[in-house]
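What follows is the residue order along each chain.
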Amino acid sequence: MSPAPTSDSVLGSLSVYNSYDKTPHIGTRFPDPAVQLSAFLTAPNSDELIKDLATLVSHRGVVFFSNQNINIEQQKELGTRLGELTGKPATSKLHRHPITVATAELGDEISVISSKGALFRANVNKDKTRASNGWHADITFEPIPSDYAILKMHTLPEVGGDTLWASGYEAYDRLSPVFKTFLEGLTARHDGNFFVKFAESAGIQVQDPRGAPENTGTDLSAIHPVIRTNPVTGYKALFVNKSFTKRIIELSSDESDWVLEYLFRHVAENHDMQVRYRWSKNDVAIWDNRSNFHTATHDYTQEREGNRVVSLGERPFFDPKSKSRREVLGLQN
Ligand SMILES: O=C(O)CCC(=O)C(=O)O
Ligand SMILES: [Fe+2]
């Protein structure tokens, strides 16, 4: 049984705008370019709109807006307010990526996602590895990882360069009850130290601290629960990803490799818990990094570029009393 379309109770004040679900489990789109995020920032009910947007993103995983005029400063403001209005710690600000150079034209709180730039294409597909190796959630190597990310694409190839997202809620919900229980007791090490190696070879300093007092030092690794509770929805999500998660601490290394391999395939191979977005110029995607995964598609040769803001949330936790999305929505397993 698939879920009912996203209800007005989840859309809240955004239900006055036209929107539709891209798939049953993940992705909602506001197709009308008259709906502008920049206008949400100054509307009389601005806080209500932005809080409801954060709630919608947390429920639906990723939300798309068409042809947006939002500028860099506004994108940063939106990134900050999404988390602030949904209760994140006051010390969690916008992330400064370890290899974003402070002198970058747009400042160190913007990641330029570019087909030309070396930074965010570091290690990507240079060995012609499988495309499915790219699945990740942003910066999970940080002790305080991201709540929300906002990406606006301004330069696109005529065709190609789609982005895919997968639901961590649905990934959790599709596991058998005993496997769920087994995973709920476990923690895993996430590692982004390839960025340190990259910084050394490029002769740049690793940013420190990186948007929260806890995100400091040059060992880019952290231990997080394998199943994580999203504090906005209260739902449980799978929280290991192919790019950064290296080891389940409580298992032997062989067991860990085997379980992680299963979980990475579970995310990459269940295309019925994924959504794929074909970008148009100045489209914006906003996603919740706590309970979703995403991956780029390197199938084009023309230029492609966008600007990304990644905000920081809470230290990941697992609440044994939290519920599964399927349980709450009354969907059968
Ligand atoms: O380029 C893309 O499609 C996605 C890049 C990415 O992983 C991100 O913006 O966080
Ligand atoms: Fe990413």
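Above this note sits the structure.
Small disclaimer: the values here were computed from a predicted structure and weren't measured.

Chemist: Mind showing me how you'd approach the overall build of the protein chain here?
Modeler: If you tally the helices and strands in the protein chain, you get 9 helices and 15 strands. For 333 residues, the compact-globule estimate of 2.2 N^0.38 gives 20 Å, and the protein chain sits close to it at 19 Å. Projecting the C-alpha coordinates of the protein chain onto the three principal axes gives extents of approximately 55 × 55 × 40 Å. Of the accessible surface of the protein chain, which amounts to about 14,300 Å², a share of 51% is contributed by carbon and sulfur atoms. Each charge class in the protein chain was averaged separately, 37 positive and 41 negative side chains, and the resulting centres sit 2 Å apart.

Chemist: What's the story with unusual backbone geometry in this structure? I'm lost.
Modeler: Glycine aside, negative phi is the norm for most residues, and most peptide bonds take the trans geometry. The residue after Asp-208, namely Pro-209, is reached through a cis peptide bond having omega -5 degrees. Among the secondary structure elements, Pro-209 is positioned in the loop between α7 (194-202) and β8 (221-225). A positive phi is found at Ile-139, a non-glycine position, where the angle reads about 45 degrees. By the secondary structure assignment, Ile-139 is in the loop between β4 (111-114) and β5 (146-155). On the basis of relative accessibility, which here comes to 3%, the residue Ile-139 falls in the buried class. In this model, Asn-282 sits at a positive phi of 70 degrees, which is unusual for a non-glycine residue. As for its placement among the helices and strands, Asn-282 is situated in the loop between β12 (274-277) and β13 (284-288). Judged by relative accessible area, which is 16%, Asn-282 ranks as buried.

Chemist: Help me understand the coordination of the iron ion (ligand 2), please; the structure alone is not making it clear to me.
Modeler: Tetrahedral metal sites with four donors have an ideal angle of 109.5 degrees; octahedral sites with six donors have ideal angles of 90 or 180 degrees. Summarising the metal site, the iron ion (ligand 2) is bound by the protein donors His-136 (NE2), Asp-138 (OD) and His-294 (NE2), whose distances to it range over 2.1 Å. Donor residues for the iron ion (ligand 2), ordered by position in the chain, follow H-x1-D-x155-H. Highlighted residues: Asp-138 in the loop between β4 and β5 and His-294 in strand β14 (residues 292-296), separated in sequence by 156 residues. In terms of burial, Asp-138 and His-294 fall into one category: buried.

Chemist: Can you walk me through the sheet that holds β13 in this structure?
Modeler: Within a sheet, adjacent strands bond to each other through the backbone by hydrogen bonds, running parallel or antiparallel. Read across the open sheet, the 7 strands follow the order β1-β2-β3-β13-β5-β15-β4; overall the sheet is mixed. Every interior strand has two partners, whereas the edge strands, β1 (20-21) and β4, have only one. In this sheet, strand β3 (residues 62-65) lies alongside strand β2 (residues 28-30) in parallel orientation, the contact comprising 3 bridges. Along β3, the bridge assignment pairs Phe-30 with Phe-65. In the packing of helix α4 (residues 72-84) onto the sheet, the strands contacted are β5, β13 and β15 (305-312), and the crossing angle to β5 comes to about 160 degrees.

Chemist: Hey, could you run me through the site of ligand 1 in this one?
Modeler: Taken together, Ile-113, His-136, Asp-138, Leu-151, Thr-163, Trp-287, His-294, Ala-296, Arg-304 and Arg-308 are the residues near ligand 1. Between an oxygen atom of ligand 1 and a side-chain N or O atom of Asp-138, the distance comes to 3.0 Å. Interatomic distance of 3.1 Å between a side-chain N/O atom of His-294 and an oxygen atom of ligand 1. Protein burial of ligand 1: of its 290 Å² of free accessible surface, 93% is covered by the chains. For the shell around ligand 1, the per-class residue count stands at 4 nonpolar, 3 polar and 3 charged.

Chemist: It is not clear to me how the packing of helix α6 (residues 177-184) against helix α8 (residues 253-269) should be interpreted in this structure. Could you clarify?
Modeler: When two helices pack together, their arrangement is given by the angle between the helix axes and the distance between those axes. In the contact formed by α6 and α8, the axes pass within 13 Å of each other and the chain directions differ by 120 degrees. It follows from the interaxial angle that α6 and α8 lie oblique. Helix-helix and strand crossings are classified by hand; for α6 and α8 the assignment is left-handed. Counted together, Phe-179, Phe-182 and Leu-183 of α6 and Val-259, Tyr-262 and Leu-263 of α8 form the full contact between these two elements. Along the lines of polarity and charge, the residues of the contact of α6 with α8 split into 6 nonpolar, no polar and no charged.

Reading guide: rules and limits
Residues numbered from 1 in each chain as written. Chains lettered and ligands numbered in written order. Predicted model: local features only at pLDDT ≥ 70, side-chain atom pairs only at ≥ 80, totals over all residues. Heavy atoms only, no water. Helix = DSSP H or I, 4+ residues; strand = E, 2+ residues; numbered from the N terminus. Rg over C-alpha atoms; globule rule 2.2 N^0.38 Å. Areas by Shrake-Rupley, 256 points an atom, 1.4 Å probe, with all protein chains shown as cover. Lys, Arg positive; Asp, Glu negative; His and termini not counted. Charge placed at Lys NZ, Arg CZ, Asp CG, Glu CD. Buried < 20%, exposed > 50% of the residue type's maximum accessible area, 1.4 Å probe, protein only. Donors = N, O, S within 2.8 Å, 3.2 Å for Na, K, Ca; no water. Pairing = 2+ DSSP bridges. Contact = heavy atoms within 4.5 Å. Axes fitted to C-alpha atoms, helices over the stretch in contact; angles between N-to-C directions. Near = heavy atom within 4 Å. Polar contact = N/O pair within 3.5 Å; in protein donor to acceptor, adjacent residues only side chain to side chain. Nonpolar A, V, L, I, M, F, W, Y, C, P; charged D, E, K, R; others polar. Parallel < 35°, antiparallel > 145°, perpendicular 65-115°, else oblique. Left-handed = near helix turned anticlockwise from the far one by under 90°.

Limitation: the analysis is restricted to geometry and does not speak to function.
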